[in-house]
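Listed here are the chains, written in short residue letters.
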Amino acid sequence: MNTELATKQDLNVVSDKSAPVTPMALIEVAMQQNADVDRLEKLWELQQKYEQAEARKAYVAAMADFRERCPTINKDSTVDYTSSKGRTNYKHASLAGALAQIKQLESECGLSHSWRTTQNNKVVEVTCVVTHNLGHSESTTLIGEPDPSGGKNAIQAIGSSVTYLQRYTLFALLGLASSEDDIDGNTDALDLNEVISLFEGAETLAKLDSLANHAAKLPNDDKKAAKSAYLKRKEELKGELK
């Protein structure tokens, strides 16, 4: 019996059942027919691809559900210090505060997150990974130098940057938005990484356009990178509408 004929017979067998035809169903039929190892391996590869596709679809659906239900993140932390450049004073959403607001909803949607952190040549790199319980995961990475502002020592400077990058990679990947009405008048508080994170987290073209003014307030050296991130996200959103 050739493979094509056997496959047709497999389909005839499982097509009478109410459950959808899956590669695993074909594997079960093939085993009942004492199929050779080569054919079983091909069916198993097909099953793995099927599971990966189903896991990705479940991830996309879970993210859509999460973003629809997720509240605006409250800015619960204040930064206030004076340096040679003057006073810095603004409010932001702390990582702990954000996690407290989203952890229950994350669990309900079958999502979890983790971070990978490395340091090389004084540059801190943080990667956030969001995983669905069926196995599909996606990640985003940000890098930055240790943050010595506010009189931090060397270890504190690294820790501050790690927390900062963890917060913004999580916000970018989950599409979180924090309230924007309590920056205390300090519109210069957003730096390049923050602006890029806002662009990456924009869920609609309208939201992306509403954030564009943040790029205009960056130093000239950073505007090109911000514009590139803006245009990239704009093309991604246009592609989702097709």
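Read on for an overview of the structure.

Cut-off values and rules
- Residues numbered from 1 in each chain as written.
- Predicted model: local features only at pLDDT ≥ 70, side-chain atom pairs only at ≥ 80, totals over all residues.
- Heavy atoms only, no water.
- Buried < 20%, exposed > 50% of the residue type's maximum accessible area, 1.4 Å probe, protein only.
- Helix = DSSP H or I, 4+ residues; strand = E, 2+ residues; numbered from the N terminus.
- Expected span 1.5 Å × (residues − 1).
- Polar contact = N/O pair within 3.5 Å; in protein donor to acceptor, adjacent residues only side chain to side chain.
- Phe/Tyr/Trp six-rings, centres within 6.5 Å; stacked < 30°, edge-to-face > 60°.
- Core = buried A, V, L, I, M, F, W, Y, C linked by side-chain atoms within 4.5 Å.
- Contact = heavy atoms within 4.5 Å.

### Section: helix α6 (residues 192–201)
Then step 1. The buried count for α6 comes to 8 of 10 residues, which makes it a mostly enclosed element.
Then step 2. Along α6, the residues classified as buried are Leu-192, Asn-193, Glu-194, Val-195, Ile-196, Ser-197, Phe-199 and Gly-201.

### Points about helix α5 (residues 154–174)
Then step 1. Between the first and last C-alpha of α5 there are 31 Å, a value that for 21 residues agrees with the 30 Å anticipated at 1.5 Å per step.
Then step 2. By the N-cap criterion, in which a side-chain oxygen at the helix start approaches the backbone nitrogen of a residue two or three places on, α5 is capped by Asn-153, the distance to Ile-155 being 3.1 Å.
Then step 3. Gly-175 sits one or two residues past α5 and shows a positive phi near 70°.

### Structural notes on the packing of aromatic side chains
Then step 1. What the rule picks out here adds up to 3 aromatic pairs.
Then step 2. Relative to Tyr-168, the ring of Tyr-164 has its centre 5.0 Å away and its plane inclined at 50°; by these criteria the two rings are tilted. One end of the pair is Tyr-164 and the other is Tyr-168, both in helix α5 and 4 residues apart, which spans about a single turn. Each member of the pair, Tyr-164 as well as Tyr-168, carries the same accessibility label: buried.
Then step 3. Their ring planes at 50° and their centres at 6.2 Å tell us that Tyr-168 and Phe-171 sit as a pair that is tilted. Remark: Phe-171 and Tyr-168 occur in helix α5; sequence separation between them is 3 residues, near one turn of the helix.

### Details of the nonpolar core
Then step 1. Counting 20 residues, the largest nonpolar core has Phe-66, Ile-73, Ile-102, Leu-111, Val-130, Leu-174 and Leu-176 as its most contacted members.
Then step 2. Among the elements of the structure, α3 (37–69), α4 (95–108), β4 (123–132) and α5 are those that each provide at least two residues to this core.
Then step 3. The contacts of Ile-102, once residues within four sequence positions are left out, are Phe-66, Cys-70, Ile-73, Leu-170, Leu-174 and Leu-176.
Then step 4. By size, the runner-up hydrophobic cluster in this structure holds 13 residues, among which are Ile-196, Phe-199, Ala-215 and Ala-226.

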